[in-house]
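Structural description and commentary
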Amino acid sequence: MNKVISKEDAATFFRDGMTLMAGGFMGVGTPQELVEVMLEKNVKDITLIANDTAFIETGVGPLIVNHRVKKVIASHIGTNPETGRQMIAGEMEVELVPQGTLAERVRAGGSGLGGVLTPTGIGTVVEDGKQKITVDGREFLLEKPLRAEVAILKAYKADKAGNLVYHRSARNFNPLMALAADLVIAQVEKVVEVGEIDPDDVMTPGVLIDKILVQGGCK
């Protein structure tokens, strides 16, 4: 099955009120063209799960600036002042999660686990409203798994089966999020034939990727 789609095709998978995972670290590894598709379609009321909210003009930042997000679950928001402004104004809900905990919650969602136990956050505001579990005399927080309806990824290269190769640190959260969504769309710089990527170089297997958008529309 050919997984390569157009921007017009991609737009059909986004809807108001959806839960969205977006790869990237301060915009690096974020699929900018898929973000633009959502902006053009005027998708709103998104629950966004991402490492951060990037900057005003990059990564997922434009979704924040254009008021398309109703809730953010992220590890930090300091690089995008608009996120903090909307949070303080009560225009958007923000759930801050320690970065390692965020990664493990996504991993748990992708692995079908009921959650993870972590000592991170004990004795701080992070523990508010969360269940504590004692193991061998030590307290842990139960952090529940995260999943999304759609995950948008950014990779350097894909074959037509969806096997992905990332470019250095742009890998970041992308492989984890490929596991934890009902539909996974990868934006890539180029597509090659099946067999042209050495199996040892595959970083995310094609079985996890549903659709592929090639940057600029070139195949």
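The structure under discussion appears in the preceding block.
What you see is a predicted model, and the numbers here were worked out from it, not measured in a lab.

1. So, the pairing of strand E8 (residues 138-143)
For strand E6 (residues 116-118) and E8, the ladder comprises three bridges, and the chain directions are antiparallel. Across the sheet, the residue bridging to leucine 117 is leucine 142, located in E8. Sheet analysis places strand E7 (residues 132-135) next to E8, joined by four bridges and oriented antiparallel. Among the inter-strand pairings, valine 135 is bridged to a residue of E8, identified as arginine 138. Counting the residues that bridge the hairpin from E7 to E8 gives two residues, and of these aspartate 136 lies at a positive phi of roughly 50°.

2. Focus on the sheet that holds E7
Strand order in this open sheet of three strands is E6-E8-E7, and the pairing throughout is antiparallel. Strand pairing shows two members of the sheet lacking a second neighbour, E6 and E7, which therefore form its edges. Within the sheet, the average angular offset between the axes of one strand and its neighbour, ignoring direction, is 45°.

3. Side note on empty space enclosed by the protein
Counted by the stated rule, this structure contains one cavity of 30 Å³ or more. There is about 40 Å³ of room inside the largest cavity. Taken together, the residues that form the lining of the largest cavity break down as six nonpolar, six polar and one charged.

4. Looking at unusual backbone geometry
One non-glycine residue with positive phi stands out, namely histidine 67, at about 60°. Here histidine 67 lies in the loop between helix H3 (61-65) and strand E4 (69-74). In this structure histidine 67 comes out as partly exposed when scored by relative accessible area, which is 44%. For aspartate 136, which is not glycine, the phi torsion reads 50° and is therefore positive. Looking at the element boundaries, aspartate 136 is found in the loop between E7 and E8.

5. Focus on the environment of aspartate 201
Locating aspartate 201 in the fold gives a position in the loop between strand E11 (181-192) and strand E12 (211-214). Through-space distance from the C-alpha of aspartate 201 to that of phenylalanine 55 is 31 Å; in sequence the pair is 146 residues apart. The contacts of aspartate 201, once residues within four sequence positions are left out, are Leu164 and Val165.

6. Looking at a nonpolar patch on the surface
A cluster of nonpolar side chains, namely Phe25, Met26 and Phe55, defines an oily patch on the protein surface of about 240 Å² accessible area. On the basis of relative accessibility, which here comes to 32%, the residue methionine 26 falls in the partly exposed class.

7. With respect to the pattern of salt bridges
Any two side chains of opposite charge can pair, so long as their charged atoms come close to each other. Scanning the model with the defined rule gives 17 salt bridges in all. A salt bridge links glutamate 95 to lysine 71; the shortest N-O distance between them is 3.5 Å. Here the residue glutamate 95 occupies a position in strand E5 (residues 93-96), and lysine 71 occupies one in strand E4, the gap between them amounting to 24 residues. A salt bridge links glutamate 139 to lysine 132, with the nearest nitrogen and oxygen atoms 3.9 Å apart.

8. So, helix H5 (residues 99-111)
Along an α-helix, residues three or four apart share an orientation, since each turn contains 3.6 residues. For H5, which comprises 13 residues, the first-to-last C-alpha distance of 18 Å matches the rise-based estimate of 18 Å (1.5 Å per residue) to within 8%. Turning to H5, its buried residues number three or more, namely Thr101, Leu102, Ala103, Arg105, Val106, Ala108 and Gly109. The first or second residue beyond H5 is glycine 112, which carries a positive phi of 75°.

9. A few points about the side chain of threonine 47
Checked against the element boundaries, threonine 47 lands in strand E3 (residues 46-49). Judged by its relative accessible area of 13%, threonine 47 falls in the buried class. Ignoring anything within four residues of it in the chain, the contact list for threonine 47 reads Met18, Thr19, Leu20, Lys70 and Lys71.

10. Quick look at helix H2 (residues 32-41)
The set of residues buried in H2 consists of Glu33, Leu34, Val35, Val37 and Met38. Residue asparagine 42 follows H2 closely and has a positive phi angle near 65°.

Criteria and cut-off values
- Residues numbered from 1 in each chain as written.
- Predicted model: local features only at pLDDT ≥ 70, side-chain atom pairs only at ≥ 80, totals over all residues.
- Heavy atoms only, no water.
- Pairing = 2+ DSSP bridges.
- Helix = DSSP H or I, 4+ residues; strand = E, 2+ residues; numbered from the N terminus.
- Axes fitted to C-alpha atoms, helices over the stretch in contact; angles between N-to-C directions.
- 1 Å grid on protein atoms, 1.4 Å probe; cavity = no way out; pocket = protein on both sides within 12 Å on 5 of 7 lines; lining within 4 Å.
- Points joined across faces, edges and corners; volume = space filled by probe spheres on them.
- Nonpolar A, V, L, I, M, F, W, Y, C, P; charged D, E, K, R; others polar.
- Buried < 20%, exposed > 50% of the residue type's maximum accessible area, 1.4 Å probe, protein only.
- Contact = heavy atoms within 4.5 Å.
- Patch = residues over 30% accessible without salt bridge, like charges linked within 9 Å, V, L, I, M, F, W, Y side chains within 5 Å.
- Areas by Shrake-Rupley, 256 points an atom, 1.4 Å probe, with all protein chains shown as cover.
- Salt bridge = Lys/Arg side-chain N within 4 Å of Asp/Glu carboxyl O.
- Expected span 1.5 Å × (residues − 1).

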